[in-house]
2 protein chains.
Amino acid sequence: MPSSESSGGSVWLRPERPPRDRRLTRGRIVDVAVAVLDAEGHRGLSMRRVATELGVTAGSLYWYVDTKDDLLELALDRVLAEVRAGAGTSDWRDGLAALARSNRAMLLRHRWALSELTVRPNLGPNALALAETGLRLLERAGFAGPDLDAAMAAVNDHVVGAVIAEAAWRDTLARMSGTGSGWDERAAEYLRQAAERHPTLAGRMAATGEIDVERESERRFAFGLGCLLDGLAVRCATPSPS
Amino acid sequence: MPSSESSGGSVWLRPERPPRDRRLTRGRIVDVAVAVLDAEGHRGLSMRRVATELGVTAGSLYWYVDTKDDLLELALDRVLAEVRAGAGTSDWRDGLAALARSNRAMLLRHRWALSELTVRPNLGPNALALAETGLRLLERAGFAGPDLDAAMAAVNDHVVGAVIAEAAWRDTLARMSGTGSGWDERAAEYLRQAAERHPTLAGRMAATGEIDVERESERRFAFGLGCLLDGLAVRCATPSPS
DNA sequence: ACCTGAACACCGTTCAAGT
DNA sequence: ACCTGAACACCGTTCAAGT
């Protein structure tokens, strides 16, 4: 007998330790972070919540991640991977529009990502890849130098701004229908007074009351994107083939 | 002697109670909330912080405000008042551009307001007034009906999107220069690898390295706004007089 | 190397109790 | 009517100690 395992008895009495005895991974942590964010929104995410979801203590997450902000940065890049460039379309306008629409759709799926964009640098691999494909499309259109940057920024800014506006709109509607009686009356009174002071706005609000938010948001997005692309077409060397 | 003040002794020994014995006001609370937000950013605002700044307990704020979110909503509308429409310019393009620039400037002064826009409905009086003046300008340009809404949204979206991008950019630079040694080296290595995979992006990043963020951000903002206004000019009945 | 448990210094919000 | 004090149920983060 080559003697003694450190703790006495038979080997069989000691449980085999897990293959690499690590229960966690950055990947798994980001998985549940995204899941929690999608389900409960920005407010619902806490280190303790993610930890218990993984059957683990809050402190152990800090072995894989320096801070909660880091985790959010990882989560943002994770969902950024969902944005897909349309398969090689010949027209740069179509390609750019498809990219913008895909970006918008992703942000609508993960609305918490907007709050991240407002603060975080966003230098993850997926963000970089996305920027590259956008720039290539605009390069093909004839943009170069600083105008290339500005054109790219203009399109991205429209996407982000539009989704923010849509999210705020949806939140307002949800809050109005959500609360019990009393809200409608006070809101109606408030808006009636506002209408007197702001006739143009009042006219538009009355017209918008009956409209489907989904369709109208898409219409506005397309309208703004169309304006933008028209402006870009004027400024680039290679006009769109039409 | 008409006898007894409730607590004995001379009147002079009892301090005169403050005129209306209320130390707080919604207005004053919002004042310090905005001040704290401007100084320490979104993270720095807490009910206890605002309370101590006012020489008061945290709980007392809830007499004037239902929740912290309410306070943020009030703070947002407060800074929205800073946005000024340019004095009646005849050209709708100039008027709209001036409004957009004023809006952008305000958001850059109070960057925490961006984080509010992403979530909050924003139905305050100043927000409504702002919408009214914008709509009037576009109405004068010849827009009406749903296109009027879409045109307004397009301009606002560009402002919000552009400021978000600029804020993120500035944050990245601040973070890069802020931390001690080690950051630059690791960042350089990371970006070098990224450059191999993304040549177009790499070219732009190299060119942007030496540029003044302030000027370049303004240039990009003007570029996008120009594109947008060109597109709007095509779509409205009354073309810009030029 | 990887995770636990407990602690520290905070939060927003509520609510009896005082005046 | 307006504010205090104390409590409740949370936070992010750190860090000795275990294995």
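A quick note: this is a predicted structure, and the numbers were derived from the prediction, not measured. (Residues numbered from 1 in each chain as written. Chains lettered and ligands numbered in written order. Predicted model: local features only at pLDDT ≥ 70, side-chain atom pairs only at ≥ 80, totals over all residues. Heavy atoms only, no water.)

Observations regarding the packing of aromatic side chains
Argument step 1. By the definition in use, this model includes 1 aromatic pair over all chains.
Argument step 2. Judged by centre distance (6.5 Å) and plane angle (75 degrees), the rings of Phe-143 of chain A and Phe-223 of chain B are edge-to-face. In this pair, Phe-143 of chain A sits in the loop between helix H6 (125-141) and helix H7 (145-178) while Phe-223 of chain B sits in helix H10 (residues 213-235), so the two residues belong to two different chains. Taken as a pair, Phe-143 of chain A and Phe-223 of chain B share a single burial class, namely buried. (Phe/Tyr/Trp six-rings, centres within 6.5 Å; stacked < 30°, edge-to-face > 60°. Helix = DSSP H or I, 4+ residues; strand = E, 2+ residues; numbered from the N terminus. Buried < 20%, exposed > 50% of the residue type's maximum accessible area, 1.4 Å probe, protein only.)

Side note on the pattern of salt bridges
For side chains bearing opposite charge, pairing can occur when the charged atoms are close.
Argument step 1. Within this structure, the stated rule accounts for 38 salt bridges over all chains.
Argument step 2. For the salt bridge of Asp-230 of chain A with Arg-93 of chain A, the shortest nitrogen-to-oxygen distance reads 3.0 Å. Highlighted residues: Asp-230 of chain A in helix H10 (residues 213-235) and Arg-93 of chain A in helix H4 (residues 92-109), separated in sequence by 137 residues.
Argument step 3. Where Glu-216 of chain B meets Arg-219 of chain B, a salt bridge forms, and the shortest distance between an N and an O atom there is 3.2 Å. Linking Glu-216 of chain B with Arg-219 of chain B, this pair stays in helix H10, spanning 3 residues, or about one helical turn.
Argument step 4. Judged by relative accessible area, Glu-216 of chain B falls into the buried class, the value being 5%. (Salt bridge = Lys/Arg side-chain N within 4 Å of Asp/Glu carboxyl O.)

Some remarks on the protein's contact with DNA strand C
Argument step 1. As a structural note, the neighbourhood of DNA strand C is formed by 18 residues, with Arg-23, Thr-57 and Tyr-64 of chain A together with Arg-48 and Thr-67 of chain B the closest of them.
Argument step 2. The contact atoms of DNA strand C, taken as those within 4 Å of the protein, divide so that sugar and phosphate hold 63%.
Argument step 3. Measuring from a phosphate oxygen of DNA strand C, one finds a backbone N or O atom of Arg-23 of chain A at 2.4 Å.
Argument step 4. Measuring from a phosphate oxygen of DNA strand C, one finds a backbone N or O atom of Met-47 of chain B at 3.0 Å.
Argument step 5. Here the surface near DNA strand C is composed, by residue class, of 7 nonpolar, 6 polar and 5 charged. (Near = heavy atom within 4 Å. Polar contact = N/O pair within 3.5 Å; in protein donor to acceptor, adjacent residues only side chain to side chain. Nonpolar A, V, L, I, M, F, W, Y, C, P; charged D, E, K, R; others polar.)

Observations concerning the relation of the copies chain A and chain B
Argument step 1. The two copies are related by a screw motion: chain A maps onto chain B through a turn of 180 degrees and a shift of 0.0 Å along the axis, at an RMSD of 0.1 Å. Read as a symmetry element, the transformation amounts to a two-fold axis.
Argument step 2. Interface overlap between copies: 100% of the residues of chain A at the interface are likewise at the interface in chain B, consistent with a symmetric, same-surface contact. (Least-squares fit on C-alpha atoms with pLDDT ≥ 70 in both. Contact = heavy atoms within 4.5 Å.)

Quick notes on the interface of chain A and chain B
Argument step 1. Tallying the contact residues gives 62 residues for chain A and 62 residues for chain B.
Argument step 2. For the pair chain A and chain B, the summed buried area comes to about 5,200 Å², and 62% of that belongs to carbon and sulfur atoms.
Argument step 3. For the interface between chain A and chain B, the tally reads 10 salt bridges.
Argument step 4. For Asp-69 of chain B, the salt bridge identified is with Arg-43 of chain A, shortest N-O distance 2.9 Å.
Argument step 5. Inspection of the chain A/chain B interface yields 18 residue pairs in polar contact (both at pLDDT 80 or more).
Argument step 6. Looking at the side of chain A that touches chain B, the elements with two or more residues in it are helix H3 (68-80), helix H5 (112-117), H6, H7, helix H8 (183-197), helix H9 (199-208) and H10 of chain A. (Buried area = accessible area lost by both parts, 1.4 Å probe.)

A short note on the packing of H3 of chain A against H6 of chain A
All names here are of chain A.
Argument step 1. Where H3 contacts H6, the two axes come as close as 7 Å, and the packing angle between them is 40 degrees. On the basis of their axis angle, the class for H3 and H6 is oblique. Residues Asp-77, Arg-78 and Leu-80 of H3 form the contact with H6, whose participating residues are Pro-125, Asn-126, Ala-127 and Leu-130.
Argument step 2. Per-class residue counts for the contact of H3 with H6 are 4 nonpolar, 1 polar and 2 charged. (Axes fitted to C-alpha atoms, helices over the stretch in contact; angles between N-to-C directions. Parallel < 35°, antiparallel > 145°, perpendicular 65-115°, else oblique.)

Looking at the environment of Gly-86 of chain A
Argument step 1. Within the secondary structure layout, Gly-86 of chain A lies in the loop between H3 and H4.
Argument step 2. Along the sequence, Gly-86 of chain A and His-42 of chain A sit 44 residues apart, while their C-alpha atoms lie 30 Å from each other.

Brief notes about the side chain of His-158 of chain A
Argument step 1. Mapped onto the elements of the fold, His-158 of chain A is located in helix H7.
Argument step 2. The residues touching His-158 of chain A, leaving out its near neighbours within four places in the chain, are Arg-220, Phe-221, Gly-224, Leu-225 and Leu-228 of chain A together with Asp-157 of chain B.

A look at the protein's contact with DNA strand D
Argument step 1. Neighbouring DNA strand D are 18 residues; Arg-48 and Thr-67 of chain A together with Arg-22, Arg-23 and Tyr-64 of chain B lie closest to it.
Argument step 2. At the protein interface, 62% of the atoms of DNA strand D within 4 Å belong to sugar or phosphate.
Argument step 3. Take Leu-24 of chain B: an N or O atom from its main chain is 3.3 Å from a phosphate oxygen of DNA strand D.
Argument step 4. Between DNA strand D and Trp-63 of chain B there is a distance of 3.2 Å, counted from a phosphate oxygen to a side-chain nitrogen or oxygen.
Argument step 5. Considered class by class, the residues forming the surface near DNA strand D number 7 nonpolar, 6 polar and 5 charged.

Some thoughts on the UniProt feature "domain: HTH tetR-type" (unreviewed entry) in chain A
Argument step 1. When the UniProt feature table is mapped onto this chain numbering, "domain: HTH tetR-type" (unreviewed entry) sits at residues 23-83 of chain A.
Argument step 2. Secondary structure across residues 23-83 of chain A comprises 64% helix and 0% strand; the distance between its end C-alpha atoms is 30 Å. (UniProt positions renumbered as here; feature names shortened; annotations may be inferred.)

Re the packing of helix H1 (residues 26-44) of chain A against H3 of chain A
Residues and elements named next belong to chain A.
Argument step 1. As a packed pair, H1 and H3 sit with axes 9 Å apart at the nearest point and diverge in direction by 85 degrees. It follows from the interaxial angle that H1 and H3 lie roughly perpendicular. Here Arg-26, Gly-27, Ile-29, Val-30, Asp-31, Ala-33, Val-34, Leu-37 and His-42 of H1 come into contact with H3, specifically with Leu-71, Leu-72, Leu-74, Ala-75, Arg-78 and Val-79.
Argument step 2. Classifying every residue of the contact of H1 with H3 gives 10 nonpolar, 2 polar and 3 charged.

Considerations on the UniProt feature "DNA-binding region" (unreviewed entry) in chain A
Argument step 1. As recorded in UniProt, the feature "DNA-binding region" (unreviewed entry) lies at residues 46-65 of chain A.
Argument step 2. The distance from the first to the last C-alpha atom of residues 46-65 of chain A is 13 Å, and the span holds 35% helix and 0% strand.

Considerations on the environment of Ala-167 of chain B
Argument step 1. Examined against the element boundaries, Ala-167 of chain B turns out to sit in helix H7 (residues 145-178).
Argument step 2. Judged by its relative accessible area of 2%, Ala-167 of chain B falls in the buried class.
Argument step 3. With 60 residues separating them along the chain, Ala-167 of chain B and Leu-107 of chain B place their C-alpha atoms 9.6 Å apart.
Argument step 4. Aside from chain neighbours lying at most four places away, what touches Ala-167 of chain B is Thr-118 of chain A together with Arg-111 and Leu-114 of chain B.

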